[in-house]
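Overview (structure and organization)
Listed here are the chains, written in short residue letters.
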Amino acid sequence: MPSATAIAHPNIALIKYWGVRDRAINLPASGSLSMTLGGLETRTTVRFQDGLSGDIFELGGRLADKSSAARTSTHLDRIRALAESQSFAHIVSDNNFPASAGIASSASGFAALTLAAASALGLDLPPKELSVLARKGSGSAARSIFGGFVIWHNGADDESSFSEQLWPPEHWPLVDWIAVVDRSPKVTGSLDGHRLAETSPLQAARIASAADRLAECRHALAERDFQRLAEVVELDSNMMHAVMMTSTPPLLYWAPGSISLMKKIAAWRNSGIDVCATLDAGSTVHCLTTTEHETQVEALLRGSDEVRELYRGIPGPAARLVASADPAPAE
Ligand code: DP6
């Protein structure tokens, strides 16, 4: 039976994707830029089997809930259509990071699923095509096909909205200290959140200035200028959260601990430490820092009452196929 196993990493958006122009094919409202997070990973095996009456999706050792299973099957349908296959599949997927980490697993999950399923069905797609395909499962998954620092072009149509690597992981060994401040599950997932973005009167202003922030972020990364990076990353995160807070209905992802930590991070940076904060659709604070300051930032975070759990991400590799018998690396 045709099967394949793939590993993919989540990513942290330095310039965010929030809002879609075309829901059917997941065209984003603006371009985005991320760092692929090595150390954290999803491993997915897809085995197409005769005799199944539907797809079976096991996530973290148990059958996935109905809506995740349906979203996965819809994505497999896209890959089956390309390969002209009618076989159903048994999918086994595991994350080496807990759900409580507040790290979206849809990016790594759909990147690994796309690569494994395409390969199992004999489709030899170049990374650009894999990224177009992964995008339709989950927007941020388009970026997790690549390693290092990755841009997702907003594009004008299906084929032109793809990701590509700007720099490999070794370009700048930034560290993302991922600080969990609240373990309660979030109320609105990003799938529904994207739909609300256009109800905010601030979304048009955010989109109008998104290309400038993306260019500024690229310059800061090219020059490895942390101060410049910190300013644009925090501005872009705050602009996305301003849109979220002013949607109808409003979405407030920040927890009291997120705000208190953001204030501390601003003070630490004022005192000369390389550190800045960015938050995706959740209360978890991603604290970016440099190798020079990572130990100091870690100590400050471990000494902060707000921080419940701490995970470390570094620029990581692209999604890739592995032998299914490979043991998962210990983290
Ligand atoms: C806030 O990629 O999770 O993390 O396309 O509905 O799967 P879907 O959304 P998703 O949205 C990510 C939003 C974000 C910002 C970002 O990663 O750019």
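As shown above, the structure is provided for reference.
First, a word on what this report is: a plain description of the structure on this page. Given the structure is predicted, the values throughout are model-derived calculations rather than measurements.

**Comments concerning the packing of aromatic side chains**
Inspection of every chain in the model, using the stated rule, returns three aromatic pairs. Taking the centre distance of 4.7 Å and the plane angle of 65° together, the rings of Tyr-17 and Trp-152 count as edge-to-face. Taken together, the residues Tyr-17 in the loop between strand E2 (11-15) and strand E3 (20-22) and Trp-152 in strand E10 (residues 149-152) connect sequence positions 135 residues apart. One exposure class covers both Tyr-17 and Trp-152, and it is buried. On the numbers, 6.4 Å between centres and 85° between planes, the contact of Trp-172 with Phe-226 is edge-to-face. In this pair, Trp-172 sits in the loop between strand E11 (163-167) and strand E12 (175-180) while Phe-226 sits in helix H8 (residues 226-245), placing the two residues 54 residues apart along the sequence. The exposure class of Trp-172 is buried, given its relative accessible area of 8%. Residue classification places Phe-226 among the buried positions, given a relative accessible area of 5%. Positioned above the aromatic ring of Phe-162, the side-chain terminus of Lys-128 is 4.4 Å from the ring centre.

**Describing the site of the ligand**
As a matter of local geometry, the ligand sits amid 17 residues, with Tyr-17, Arg-71, Ser-138, Gly-139 and Ser-140 nearest to it. In isolation the ligand offers 460 Å² of accessible surface; the protein chains occlude 97% of this area.

The rules we used
Residues numbered from 1 in each chain as written. Predicted model: local features only at pLDDT ≥ 70, side-chain atom pairs only at ≥ 80, totals over all residues. Heavy atoms only, no water. Phe/Tyr/Trp six-rings, centres within 6.5 Å; stacked < 30°, edge-to-face > 60°. Helix = DSSP H or I, 4+ residues; strand = E, 2+ residues; numbered from the N terminus. Buried < 20%, exposed > 50% of the residue type's maximum accessible area, 1.4 Å probe, protein only. Lys NZ or Arg CZ within 6 Å of the ring centre and 35° of its normal. Near = heavy atom within 4 Å. Areas by Shrake-Rupley, 256 points an atom, 1.4 Å probe, with all protein chains shown as cover.

Everything listed here is a matter of coordinates, which is why it stays silent on function.
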